[in-house]
Amino acid sequence: MGKIIKLNNLDEGPPDILTRTGPGGLFSTGYLHDEPALAAVDDDETPQFALTSRKHGVELGTSKSGETVQPGSNYRMIGVVTDRRLIVLVGNDDGDRRFAVPHVDIDQVAGDHSLGHGQITLRRCGGTEWRVHCGKQGIVDLTAYLSHASQAWVRVENIVDEVKRMLVRATEQRDQGDYEQALATVLEAGDRLDVAGETATEFGPPGDANALEDRVTTVRDRHTAMLTEVRRSRARRAVDTGEQHWREGDFEAAYDAYEAARVEYDEILSLPTEGVPELADIRTERDRLETVIDDLKQSPLRTAAAADNEAVAAAEPAAAAEHWAKALEAYREVLELDWGADERRFAGDPERVRDRLGTVAENLVTARRTVATDAMEAGDWYADASQPDAALAEYKTAKAAFETALADARDCYPDATDHMEAELDAVEQRLSRAKARLDGDPVDVDDRFDRTEATPDPDITTANERSPSPTDTTDRSDIEDGSIDPKIDPTEHGGS
């Protein structure tokens, strides 16, 4: 005689055959000798069926050769089907014998109740058969469960093996610097794990965890760790790229790189936190990246304002002109950043920056003109002092300076163009006379003080009025966002 008991997850407590030991008496059959059957069940598996046999036990081997293990007098064979394996325990006075076969090793399952009792036949991978004797009632449900369990475990284990190989490949790709392919591989591995997870969930009772899900979870933890490593590597590489672009003054490319890094960190932080290694360090890196991005947003305007301030503070017109030129280009870049975008990423109100740009352009042309007129006046002094060599040198300097000033006026301050052209013509005449004196050629009448010029721009002093270095006291606080740091160094904000 034997039994098959469906355990229903032990909600009502396990039956005696799983919890008791000892031989039977005159009117009863015992259990096991060493310890109760439930002791053979691990914590990570759940009993689903219990089956017993008082006389026949279990037959192991092939149809030609094998071993039959029967329970001793007054003991039983007790089988426990869990969500991970089949455990068979055979009681005897000399001690119990234990056998187990994982569901993943079962190739075929058949049930037979044509005998005086029931029998489950399991064909293992490799050809070995187990014939486990049990009760007749419930054998169809038991057979169906074992068949379903076998198929589910085989499917999941095949996927798990595939995923492990993919994670090894992703590691190799990452180590070789092929981050794009590494990410693609690890994401594909995640998709395969999702398929395994669906199979595992369907295998267990609704709402309850099962050993197959635990198996998937173990591999998923490894997958999460690998995905974290790949995304973190990609984030750090993007940060390094952003730093390089920042050093080169390519602010938009730097922002795009930092934004790509931020996406990678956010993807990591969206993963189940218990599976993410070094989570605190990753959060620190993410927070530091936010600080770097905030600095980058301010950097173009700060660079322009710093050059602007240095120009105002410069004591010499030539030095002021160089700073004004840098400020001009920097303000232009502020305006050009995110051109046509719906939302600006960088600091600086376009209208206010545009207004300041006009003032900087005027100051630049004025400073260039001051350098030119200083040289021209020096040439006049040397000419009056009968030092033609020195006069010629100063006039050449003045001509080059006026040409630079004219080029700047044409570029950024067209109202001063006519006046610059007139003054360039005047210094060219002086240069021509100085050369004639040196060569002993006839010299035209000196008309350098004749007033036949066009109406000057009101902001441009005349050629014979010596101009000091321009002083600009304009308040620039309305275009600046935050404090002005004239020496922004992007290399101070490095990623790991």
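- As annotated in an unreviewed UniProt entry, the chain is YokE-like PH domain-containing protein from Haloarcula rubripromontorii.

Quick word on the packing of aromatic side chains
Phase 1: For the structure shown, the criterion picks out 6 aromatic pairs.
Phase 2: An angle of 85° between the planes, with centres 6.3 Å apart, marks the rings of F99 and W130 as edge-to-face. Of this pair, F99 sits in strand 7 (residues 97-102) while W130 is found in strand 10 (residues 129-134), placing the two residues 31 residues apart along the sequence. As far as burial versus exposure is concerned, F99 and W130 are alike and both buried.
Phase 3: Ring plane angle 35° and centroid distance 5.8 Å describe the contact between Y145 and F203, whose orientation is recorded as tilted. In this pair, Y145 sits in helix 2 (residues 139-175) while F203 sits in helix 3 (residues 179-203), placing the two residues 58 residues apart along the sequence.

Some thoughts on the pairing of strand 10
Phase 1: Buried residues dominate strand 10, accounting for 6 of its 6 residues.
Phase 2: Taking every second residue as pointing to the same face, both faces of strand 10 are buried, with E129, R131 and H133 on one and W130, V132 and C134 on the other.
Phase 3: Across 6 bridges, the pairing between strand 9 (residues 118-124) and strand 10 is antiparallel. Bridge assignment links G118 to a residue of strand 10, and that residue is C134.

Examining the environment of R192
Phase 1: With respect to the secondary-structure elements, R192 resides in helix 3.
Phase 2: Looking at R192, the relative accessible area reads 27%, which means it is partly exposed.
Phase 3: Considered as a pair, R192 and V160 are 32 residues apart in the sequence and their alpha carbons are 8.4 Å apart.
Phase 4: Setting aside residues no more than four positions away along its own chain, R192 makes contact with I159, E162, V163 and M166.

What about the packing of helix 8 (residues 350-384) against helix 9 (residues 388-412)?
Phase 1: Between helix 8 and helix 9, the least distance of the axes is 8 Å, while the angle of their chain directions is 165°. In terms of axis orientation, helix 8 runs roughly antiparallel to helix 9. The chirality of how helix 8 crosses helix 9 is left-handed.
Phase 2: When grouped by side-chain class, the residues that make up the contact of helix 8 with helix 9 number 19 nonpolar, 4 polar and 5 charged.

Looking at helix 8
Phase 1: Over its 35 residues, helix 8 extends 51 Å from the first C-alpha to the last, a length consistent with the 51 Å expected when each residue adds 1.5 Å.
Phase 2: Following helix 8 by one or two positions, S386 has its phi on the positive side, about 60°.

Some thoughts on the environment of G79
Phase 1: By the secondary structure assignment, G79 is in strand 5 (residues 77-82).
Phase 2: When its relative accessible area of 0% is taken as the criterion, G79 is described as buried.
Phase 3: Those residues in contact with G79 that sit more than four places away from it in its chain are F49, A50, L51, I87 and V88.

Considerations on the nonpolar core
Across soluble globular proteins, you tend to see nonpolar side chains buried next to one another.
Phase 1: By size, the foremost hydrophobic cluster in this structure holds 69 residues, and its most contacted members are V88, W130 and Y258.
Phase 2: The element best represented in this core is helix 2, accounting for 14 residues.
Phase 3: Residues from two domains meet in this core; each of domain 1 (3-137) and domain 2 (153-277) gives at least three.
Phase 4: When near neighbours in sequence (up to four residues on either side) are disregarded, W130 contacts E59, L60, L86, V88, F99, A100, V101, I120, T121, L122 and R124.

Regarding the sheet that holds strand 1 (residues 2-6)
Phase 1: Sheet architecture is open: 5 strands sit in the order 1-2-5-6-7, paired in antiparallel fashion. Pairing within the sheet leaves two strands with one partner each, and these edge strands are strand 1 and strand 7. Across the sheet, the axes of successive neighbouring strands diverge by a mean angle of 15°, strand direction being ignored.
Phase 2: Pairing of strand 1 with strand 2 (residues 47-53) involves 5 bridges; the strand directions are antiparallel. Paired with K3 across the strands is T52, a residue of strand 2.

A few points about the sheet that holds strand 9
Phase 1: With antiparallel pairing, the 5 strands of this open sheet are ordered in space as 4-3-10-9-8. Edge positions in the sheet fall to strand 4 (66-69) and strand 8 (106-112), since each has one partner strand and no second. Taking the axes of each pair of neighbouring strands and ignoring which way they run, one obtains an average angle of 15° across the sheet.
Phase 2: Helix 2 rests against strand 8 and strand 9 of the sheet, and its axis sits at about 175° to strand 8.

Section: the pattern of salt bridges
Phase 1: Scanning the model with the defined rule gives 40 salt bridges in all.
Phase 2: Across the pair E129 and R131 runs a salt bridge, and its minimum N-O distance is 2.8 Å.
Phase 3: Judged by its relative accessible area of 15%, E129 is buried.
Phase 4: When the shortest N-O distance is used, the salt bridge between E229 and R174 registers 2.5 Å. Of the two residues, E229 is situated in helix 4 (residues 211-247) and R174 in helix 2; the sequence distance between them amounts to 55 residues.
Phase 5: Look at the salt bridges and you will find they share partners, linking D42, D44, E45, R84 and R85 into a network.

What counts, and where the lines are drawn
Residues numbered from 1 in each chain as written. Predicted model: local features only at pLDDT ≥ 70, side-chain atom pairs only at ≥ 80, totals over all residues. Heavy atoms only, no water. Phe/Tyr/Trp six-rings, centres within 6.5 Å; stacked < 30°, edge-to-face > 60°. Helix = DSSP H or I, 4+ residues; strand = E, 2+ residues; numbered from the N terminus. Buried < 20%, exposed > 50% of the residue type's maximum accessible area, 1.4 Å probe, protein only. Pairing = 2+ DSSP bridges. Contact = heavy atoms within 4.5 Å. Axes fitted to C-alpha atoms, helices over the stretch in contact; angles between N-to-C directions. Parallel < 35°, antiparallel > 145°, perpendicular 65-115°, else oblique. Left-handed = near helix turned anticlockwise from the far one by under 90°. Nonpolar A, V, L, I, M, F, W, Y, C, P; charged D, E, K, R; others polar. Expected span 1.5 Å × (residues − 1). Core = buried A, V, L, I, M, F, W, Y, C linked by side-chain atoms within 4.5 Å. Domains from an automatic or database assignment. Salt bridge = Lys/Arg side-chain N within 4 Å of Asp/Glu carboxyl O.

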